[in-house]
Amino acid sequence: MQKPEQIVLESSGFSDFNPVQKMALKKGLLDGRNLIVAAPTASGKTLVAELAAVNAFLNKKKTVYIVPLKALANEKYQEFNEKYNKIGMKTAMSIGDLDETDPWLGKYDVIIATSEKMDSLLRHGLEWLDRIGLVVIDEIHLLDDPGRGPTLEVTITKLLSLIKPQVLGLSATINNYEEIAEWLKADSFKTDYRPVKVEKGICIDDKIHFEDERIIELDSSSEQSTGITLDTVDKKKQLIIFANTRRGAESTAEKVGFDIKKKLPENEKFELFRISEEIIHSIDRPTKQCERLAGCVRNGTAFHHAGLVAKQRSIIEDNFRKGVIKLIAATPTLAAGINLPAWRVFVKDLRRFSGFRGMDYLPVLEVQQMMGRSGRPKFDKTGEAILVAKNEEEAEKLWDKYILGDPERIQSKLGVEPVLRMHTLALIASGMITSESGLVEFFSKTFYAYQYGDLSELEKVLDKVIKILEDFEFIRTGKNETKKSDNPFRTAAELLKESGSEISPTVLGKRVSELYIDPITAHDFIEGIKVFEKKNATPVGIVQLLCNTIEMIPLLSVRKSDMELVESVVVSNSQNFSKPVPNTWDMDYDDFIRSVKTAMFIGSWMEESGEDVIMDNFNVTPGELRVRLDNADWLSYAMSELAWILNKKTILKEIKKVRIRLKYGVKEELLPLVHIKGIGRVRARMLYTSGVRSLEDMRKIPMASLKRVLGEKLAESVKEQLNVKTEEKQSNSGLNSFMGRDE
Ligand code: ADP
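Structure report, in brief. (Residues numbered from 1 in each chain as written. Predicted model: local features only at pLDDT ≥ 70, side-chain atom pairs only at ≥ 80, totals over all residues. Heavy atoms only, no water.)

Side note on the overall build of the protein
Working step 1: Of the regular secondary structure elements, the protein holds 34 helices and 19 strands.
Working step 2: Over its C-alpha atoms the protein spans a radius of gyration of 28 Å, differing by no more than 12% from the 27 Å that the globule rule assigns to 743 residues.
Working step 3: Considering only C-alpha atoms, the protein reaches an extent of 85 × 75 × 65 Å along its principal axes.
Working step 4: Looking at the protein residue by residue over its 743 residues, the buried ones come to 54%.
Working step 5: As displayed, the protein has an accessible area near 33,800 Å², and 51% of this comes from carbon and sulfur atoms.
Working step 6: Computing the positive centroid from 108 side-chain charges and the negative centroid from 111, the protein places the two 4 Å apart. (Helix = DSSP H or I, 4+ residues; strand = E, 2+ residues; numbered from the N terminus. Rg over C-alpha atoms; globule rule 2.2 N^0.38 Å. Buried < 20%, exposed > 50% of the residue type's maximum accessible area, 1.4 Å probe, protein only. Areas by Shrake-Rupley, 256 points an atom, 1.4 Å probe, with all protein chains shown as cover. Lys, Arg positive; Asp, Glu negative; His and termini not counted. Charge placed at Lys NZ, Arg CZ, Asp CG, Glu CD.)

Shown next, in the form of structure tokens:
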């Protein structure tokens, strides 16, 4: 049988392992040893994971590969599939719906999932759990991230409490990697090895000073970003400029583009024009941002941030990789995300606005990750990473901090109440924890406990969390229920009950945990549903209830100029809300107003406003619009599931209507039409205006007329679908079956 080392080298087409991989092998990677590898981006850590996964596969064990982002899951999935399908090692990616158990995963050898999805799979129960032999945690330094860290930490702790897999943690070059290793009982090593050397420099005005005393002079008549891009394009290379805001990234790409386009050869200009058209057509109706991006791309530049839709991002990434786009101006999110190296990285802004404190220097780890994007392993021997300083004094500061300095210590972010609330319920709901002492014992195995030692603060929060969950009736505690018995022969279970701390989930609590929402959100929904039962449940009321949740944060802000409008909406809808409107002097008035503004924004989509109008009116980008609609979709699903459990059928129907309107962005009258595949908000409105208002109308309309409105292909598909629907209707329902369940 072939050895894992041979398989991996052959599949990769490499002649030998690099120093990082050799060190991992030396540390016992293939003997099942737990290992933390702290090494820079592009040092070949993925291959270490591949070695361990192939080894697990040969030992008939599964690998779970946890990644922080869906885009990264996709990247790893492609890589594993291309390389190892031929040896029969099957890779699957599980990143989708958090209320799905994905039982099909059982057939796969490598399962790549985000930490949220892995957490959710564990909540639903996994029948293939004991077949996992290896857990890979990519970017394990994200334990420090306030958003993602706690879920990652709990997921790792859960997995290790349930099974005893080999653990491989891949990390950036952080300093306290040994602490993580000790927590996981792993061996570890850190290395600065990079196949491509990065030359680091600082730019002051129009001069860049490098470590080796080399100096580059930029065109002094141009602005810095333009100067550096002109210099890069002259060298037939590409660069990424990091700015601290989306707006900064956009204006940089735009400004630089005007001067760069003169340098582009005709054939490239033609190709760039084609790409810009692709961007324009990547969403139904091009927005201003979309046109702005397409305009940049025509000039050979692009901006990249979370405000773009996924399709636009991938068009830009692909064409940057191909070398057609010369400059990407990005926000720091790009540095932490996908593998997109450039020959040169230029960090324009090293300070970012941070609320109360004003402008703050960026964390060292973040800047080092940005610098780490420089140099493309396949094409360059060296790369360049340049930081921008205002003057000599700042240059020295930046040099010490970011080039010579160490990144911050990674610290657990688990200790906060909302996080503990979610995870405590999940632990109880999945049956993993049955007592308060069990809960404390579980948390004593976390990285938080390892770092802080003293659990007394955590215990206080856990106590509070248990009370809240019990008040909400998501769990039951056995406290005070069992009287002490004198029977000396009582069972261990009885003894445990007597200790007064046995905990079990309720059916409702179990479902809330599976729905992956904050218990407070679930409680608010349940209370809201009860209120709606007594009065009409209106779309406004339902949407505002959706928006007034922790999951929708950050809510849209209400500027002085909108205040009057938002307050007038509050007044005219006060009867529709599930909670009384707080007084203007109450603490929660601000949140309430913001939830109403966010509801107005979502409502505007449901009332068929154009995306460009919504984005203009509410000052959001297409990417934000998508994220917020996806969130609202998930919350409306969760709310409908709760109404179903509570058996509130009338409300359930209203929530489901809202959910479909949210999904398609249509008024209620279009609901029957969007039922048909291929009919979205625009076509449904066209049909409605031409008198087709129901499935019946659609059946009756002559094919020729339908073709006029929908075009030949779609008209045929619609007619075909309607025939199927006719048969379905005889056996079942119309709109109800469309909405998921038969009430
Ligand atoms: P990381 O996961 O550390 O960010 P990658 O796994 O993406 O790094 O590796 C960076 C690049 O180095 C990839 O293009 C990869 O194909 C290449 N590489 C990795 N190991 C080797 C090797 N042993 N020989 C040659 N190239 C390698």
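What to know about the site of the ligand
Working step 1: Around the ligand, the surrounding shell holds 16 residues, and the nearest of these are Asp-16, Gln-21, Ala-42, Lys-45 and Thr-46.
Working step 2: Interatomic distance of 2.9 Å between a backbone N/O atom of Asp-16 and a nitrogen atom of the ligand.
Working step 3: With 3 residues, helix H3 (residues 45-58) is the single largest residue contributor to the shell around the ligand.
Working step 4: When the residues that make up the shell around the ligand are grouped by side-chain class, the tally is 6 nonpolar, 7 polar and 3 charged. (Near = heavy atom within 4 Å. Polar contact = N/O pair within 3.5 Å; in protein donor to acceptor, adjacent residues only side chain to side chain. Nonpolar A, V, L, I, M, F, W, Y, C, P; charged D, E, K, R; others polar.)

A look at the environment of Met-370
Working step 1: Along the chain, Met-370 falls in helix H14 (residues 364-371).
Working step 2: Of the residues examined, Met-370 reaches a relative accessible area of 1% and is grouped as buried.
Working step 3: In sequence terms Met-370 and Gly-478 are 108 residues apart; their C-alpha atoms lie 52 Å from each other.

What about the environment of Pro-702?
Working step 1: Locating Pro-702 in the fold gives a position in the loop between helix H31 (695-700) and helix H32 (703-710).
Working step 2: Judged by relative accessible area, Pro-702 falls into the partly exposed class, the value being 48%.
Working step 3: Linking Pro-702 and Glu-213, residues 489 residues apart in sequence, is a C-alpha distance of 78 Å.

Examining the sheet that holds strand S3 (residues 91-94)
In a beta sheet, neighbouring strands pair by backbone hydrogen bonds and run either parallel or antiparallel.
Working step 1: In space, the 7 strands of this open sheet follow the order S3-S4-S2-S5-S6-S1-S7, with parallel pairing throughout. Where the open sheet ends on each side, the last strands, each with one partner, are S3 and strand S7 (187-190). Averaged over all neighbouring strand pairs, the angle between strand axes comes to 15 degrees, with direction disregarded.
Working step 2: With 4 bridges connecting them, strand S1 (residues 35-38) and strand S6 (residues 166-171) associate as parallel partners. Note that in S6 the partner of Ala-38 across the bridge is Ser-171.
Working step 3: Against the sheet, helix H6 (residues 149-162) touches strand S2 (62-67), strand S5 (132-137) and S6, its axis set at about 160 degrees to S5. (Pairing = 2+ DSSP bridges. Axes fitted to C-alpha atoms, helices over the stretch in contact; angles between N-to-C directions. Contact = heavy atoms within 4.5 Å.)

Description of the pattern of salt bridges
Working step 1: Throughout the structure, instances matching the rule amount to 50 salt bridges.
Working step 2: Between Arg-131 and Glu-127 there is a salt bridge, with its nearest N and O atoms 3.6 Å apart.
Working step 3: A relative accessible area of 60% places Glu-127 in the exposed class.
Working step 4: In this structure, the salt-bridge partner of Arg-344 is Glu-384, at a minimum N-O distance of 2.8 Å. Here the residue Arg-344 occupies a position in strand S14 (residues 344-347), and Glu-384 occupies one in strand S17 (residues 382-389), the gap between them amounting to 40 residues. Per residue, the accessibility class of Arg-344 equals that of Glu-384, and both read buried.
Working step 5: By sharing partners, the salt bridges in this structure join Glu-199, Asp-212, Arg-214, Asp-231, Lys-235, Arg-344 and Glu-384 into a single network. (Salt bridge = Lys/Arg side-chain N within 4 Å of Asp/Glu carboxyl O.)

A look at a negative patch on the surface
Working step 1: Taken together, the side chains of Glu-392, Glu-393, Glu-396 and Asp-400 define an acidic patch exposed on the protein surface.
Working step 2: Secondary-structure assignment places Glu-396 in helix H15 (residues 392-404).
Working step 3: Here Glu-396 falls in the exposed class, since its relative accessible area comes to 56%. (Patch = residues over 30% accessible without salt bridge, like charges linked within 9 Å, V, L, I, M, F, W, Y side chains within 5 Å.)

Considering the layout of surface pockets
Working step 1: Put simply, the second largest pocket is a space of about 520 Å³.
Working step 2: Where the lining of the second largest pocket is concerned, the elements lending two or more residues are strand S8 (197-204), H14 and H15.
Working step 3: It is H14 that contributes the most residues to the lining of the second largest pocket, 4 residues altogether.
Working step 4: The class makeup of the residues in the lining of the second largest pocket is 11 nonpolar, 7 polar and 7 charged.
Working step 5: When residues are assigned to domains, the lining of the second largest pocket turns out to be shared by domain 1 (4-190) and domain 2 (197-403), each giving three or more. (1 Å grid on protein atoms, 1.4 Å probe; cavity = no way out; pocket = protein on both sides within 12 Å on 5 of 7 lines; lining within 4 Å. Points joined across faces, edges and corners; volume = space filled by probe spheres on them. Domains from an automatic or database assignment.)

Overview of the nonpolar core
Working step 1: If you look at the biggest cluster of nonpolar residues, it comprises 79 residues, and the most contacted ones within it are Phe-443, Phe-474, Ile-517, Ile-602 and Leu-642.
Working step 2: Mapped onto the domain boundaries, this core takes at least three residues apiece from domain 3 (417-506) and domain 4 (519-675).
Working step 3: Discounting residues that sit within four places of it in the chain, Phe-443 has contacts with Leu-414, Leu-420, Thr-424, Leu-427, Ala-449, Leu-458 and Leu-462.
Working step 4: Counting 66 residues, the second largest nonpolar core, distinct from the first, contains Ile-208, Ile-279, Ala-342 and Ile-403. (Core = buried A, V, L, I, M, F, W, Y, C linked by side-chain atoms within 4.5 Å.)

Let's talk about empty space enclosed by the protein
Working step 1: Applying the stated criterion to the full structure yields 4 cavities of 30 Å³ or more.
Working step 2: Counted as a void, the largest cavity has a volume near 60 Å³.
Working step 3: Split into classes, the residues belonging to the lining of the largest cavity amount to 6 nonpolar, 1 polar and 3 charged.
Working step 4: In this structure, the second largest cavity occupies an estimated 50 Å³ of space.
Working step 5: In terms of lining residues, the second largest cavity is bounded by Asp-524, Gln-544, Leu-545, Asn-548, Ser-578, Lys-579 and Phe-592.
Working step 6: Counted by class, the lining of the second largest cavity contains 2 nonpolar, 3 polar and 2 charged residues.

Here's the deal with unusual backbone geometry
Working step 1: Backbone torsion omega between Ile-553 and Pro-554 reads 0 degrees, so that peptide bond is classified as cis.
Working step 2: Along the polypeptide, Pro-554 turns up in the loop between helix H23 (539-547) and helix H24 (560-573).
Working step 3: With phi around 65 degrees, Ala-42 is a residue other than glycine that occupies positive phi space.
Working step 4: One can find Ala-42 in the loop between S1 and H3.

Quick notes on the pairing of strand S9 (residues 207-210)
Working step 1: Burial of the side chains of S9 is restricted to one face: Ile-208 and Phe-210 are buried, whereas none of Lys-207 and His-209 on the reverse face is.
Working step 2: When S8 meets S9, the two strands line up antiparallel, connected through 4 bridges. Bridging across to S9, Cys-203 finds its partner in Ile-208.
Working step 3: Two elements, S9 and strand S10 (residues 215-217), share 3 bridges in a ladder whose sense is antiparallel. Across the sheet, residue His-209 finds its bridge partner in S10, namely Ile-215.
Working step 4: Connecting S9 to the antiparallel partner S10 that follows it, the hairpin turn spans 4 residues, and Glu-213 within it adopts a positive phi of roughly 70 degrees.

Considering the packing of aromatic side chains
Working step 1: The tally for this structure, following the rule as stated, stands at 10 aromatic pairs.
Working step 2: Taking the centre distance of 5.3 Å and the plane angle of 90 degrees together, the rings of Phe-577 and Phe-592 count as edge-to-face. You can see Phe-577 sitting in the loop between H24 and helix H25 (589-606) and its partner Phe-592 sitting in helix H25, a full 15 residues away along the chain. Across this residue pair, the class does not change: Phe-577 and Phe-592 are buried.
Working step 3: Plain terms: the ring middles of Phe-601 and Phe-618 are 5.5 Å apart, the flat faces sit at 65 degrees to each other, and that makes the pair edge-to-face. Of the two residues, Phe-601 is situated in helix H25 and Phe-618 in helix H26 (residues 611-618); the sequence distance between them amounts to 17 residues. Each of the two residues, Phe-601 as well as Phe-618, counts as buried.
Working step 4: Ring pairs connect the aromatic residues Tyr-65, Phe-80 and Tyr-84, which therefore count as one cluster.
Working step 5: Lying across the ring of Phe-210, Arg-214 places its NZ or CZ 4.0 Å from the centre. (Phe/Tyr/Trp six-rings, centres within 6.5 Å; stacked < 30°, edge-to-face > 60°. Lys NZ or Arg CZ within 6 Å of the ring centre and 35° of its normal.)

Looking at the packing of H26 against helix H27 (residues 622-645)
Working step 1: Remark: H26 packs on H27, axes separated minimally by 10 Å, with the N-to-C direction vectors making an angle of 95 degrees. What the angle tells us is that H26 and H27 run roughly perpendicular. Across the interface between the two elements, Glu-611, Ile-614 and Met-615 of H26 pack against Pro-622, Leu-625 and Arg-626 of H27. (Parallel < 35°, antiparallel > 145°, perpendicular 65-115°, else oblique.)

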